[in-house]
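Here is how the chains run, residue by residue.
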Amino acid sequence: MKIHTYEKFWLAASMLLIVGFILTVTYGSVGLGIAMINDSEETIDPGTVTDHDKFGPAFSGEQAVYQTGEDEYDVYIVAMQFIFRPGEIEVPADSTVTFHLTSADVIHSFSVVGTNANTMVIPGEISTMTVETEEPGEYGFICSEYCGDAHHDMEGKLIVTPEDEFEMEDDQ
Ligand code: CUA
């Protein structure tokens with residue numbers, strides 16, 4: 001069988017394309033470090049997640065920000081229809097901040113506007129996300145997962161304070 005030169009060329013080109021697609025998909029799924037929320041951990045009861053007696057002050061809204069080391073902080077936020085609690089969070093600049101998020105009802109998300117900080121917030125599970133804060137400033141955060149009538153009202157404010165002005169509100 002004789003294969004025409006053009007046909008050979010297009011065969012080779014389409015093979016290359018297929019290999020290219022496989023490479024980009026592979027890179028996108030393993031190369032960028034993007035992962036689904038770990039579902040191998042113990043689940044929690046979304047209905048009682050804000051219960052102080054069960055989970056302590058972190059998700060009950062009493063204290064959201066904890067210092068865990070030099071320039072290291074943990075932040076605990078509960079998403080629920082249609083607020084984040086707390087809705088305003090202050091963390092210092094030039095720090096490593098780990099957000100711990102869970103939902104008290106349905107699936108929400110936590111997306112810091114203008115940054116790549118973004119995670120789904122799933123009832124029964126705690127999503128964690130670590131970010132480096134750089135310049136002081138104010139950032140909005142929103143829910144980017146449709147969660148009901150007032151989904152568009154779900155927002156909050158992340159205040160990154162200059163390091164020397166930052167004070168912990170409360171000591172644990
Ligand atoms: Cu919560 Cu959309």
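Residues numbered from 1 in each chain as written. Predicted model: local features only at pLDDT ≥ 70, side-chain atom pairs only at ≥ 80, totals over all residues. Heavy atoms only, no water.

Here the focus is unusual backbone geometry. Peptide bonds are, in most cases, trans, and in most cases residues other than glycine have a negative phi. Here Q81 and F82 are connected by a cis peptide whose omega angle stands at 0 degrees. On the secondary structure map, F82 appears in the loop between strand 2 (72-80) and strand 3 (83-85). With an omega dihedral of -5 degrees, the bond running from R85 to P86 counts as a cis peptide bond. Here P86 is to be found in the loop between strand 3 and strand 4 (88-92). Of note in the backbone geometry, D94 takes a positive phi value of approximately 55 degrees without being a glycine. Its place among the elements puts D94 in the loop between strand 4 and strand 5 (96-103). (Helix = DSSP H or I, 4+ residues; strand = E, 2+ residues; numbered from the N terminus.)

As a rule of thumb, nonpolar side chains are buried together in soluble globular proteins. Of all hydrophobic cores here, the largest spans 26 residues; its most connected members are V75, I77, F84, I89, F99, F110 and L158. When near neighbours in sequence (up to four residues on either side) are disregarded, V75 contacts A64, V65, I89, V91, V97, T98, F99 and H100. Formed by eight residues, the second largest nonpolar core is a distinct cluster that contains F59, Y66, V78 and M80. (Core = buried A, V, L, I, M, F, W, Y, C linked by side-chain atoms within 4.5 Å. Buried < 20%, exposed > 50% of the residue type's maximum accessible area, 1.4 Å probe, protein only. Contact = heavy atoms within 4.5 Å.)

Right, let's get into the confidence of the model for the protein chain. Chain-level statistics for the protein chain give a pLDDT mean of 88 and a share of 93% at 70 or above. Across the protein chain, element-level confidence peaks in strand 6 (residues 108-112) with a mean pLDDT of 95 and bottoms out in helix 2 (residues 52-55) with 76. (pLDDT = per-residue confidence, 0-100.)

Turning our eyes to something else, we now look at the side chain of T133. With respect to the helices, strands and loops of the structure, T133 is situated in the loop between strand 8 (127-132) and strand 9 (137-142). The residues touching T133, leaving out its near neighbours within four places in the chain, are V91, P92, A93, D94, S95, V97 and V160.

It is worth spelling out the environment of T130 at this point. Relative to the helices and strands, T130 resides in strand 8. Measuring from C-alpha to C-alpha, the distance between T130 and Y66 comes to 14 Å, with 64 residues separating the pair along the chain. In contact with T130, other than residues within four places in its own chain, are T96, V97 and T98.

Here we take up the sheet that holds strand 9. Sheet architecture is open: five strands sit in the order 4-10-9-6-7, paired in mixed fashion. Each of the sheet's edge strands pairs with one partner strand only, and the pair in question is strand 4 and strand 7 (118-121). Adjacent strand axes in the sheet meet at a mean angle of 20 degrees when their direction is disregarded. Relative to strand 10 (residues 155-161), strand 9 runs antiparallel, the two being bridged by six bridges. Residue E138 lies in a different strand from strand 10, and its bridge partner there is I159. (Pairing = 2+ DSSP bridges. Axes fitted to C-alpha atoms, helices over the stretch in contact; angles between N-to-C directions.)

It is worth spelling out the environment of D153 at this point. By the secondary structure assignment, D153 is in the loop between strand 9 and strand 10. The sequence separation of D153 and Q81 amounts to 72 residues, and the corresponding C-alpha distance is 9.5 Å.

As a further point, take helix 1 (residues 5-31). For the α-helix, the turn length of 3.6 residues means that residues three or four positions removed from each other point alike. For helix 1, spanning 27 residues, the distance from its first C-alpha to its last is 37 Å, which sits close to the expected 39 Å at 1.5 Å a residue. Of the residues one or two after helix 1, G33 is the one with positive phi, at around 70 degrees. (Expected span 1.5 Å × (residues − 1).)

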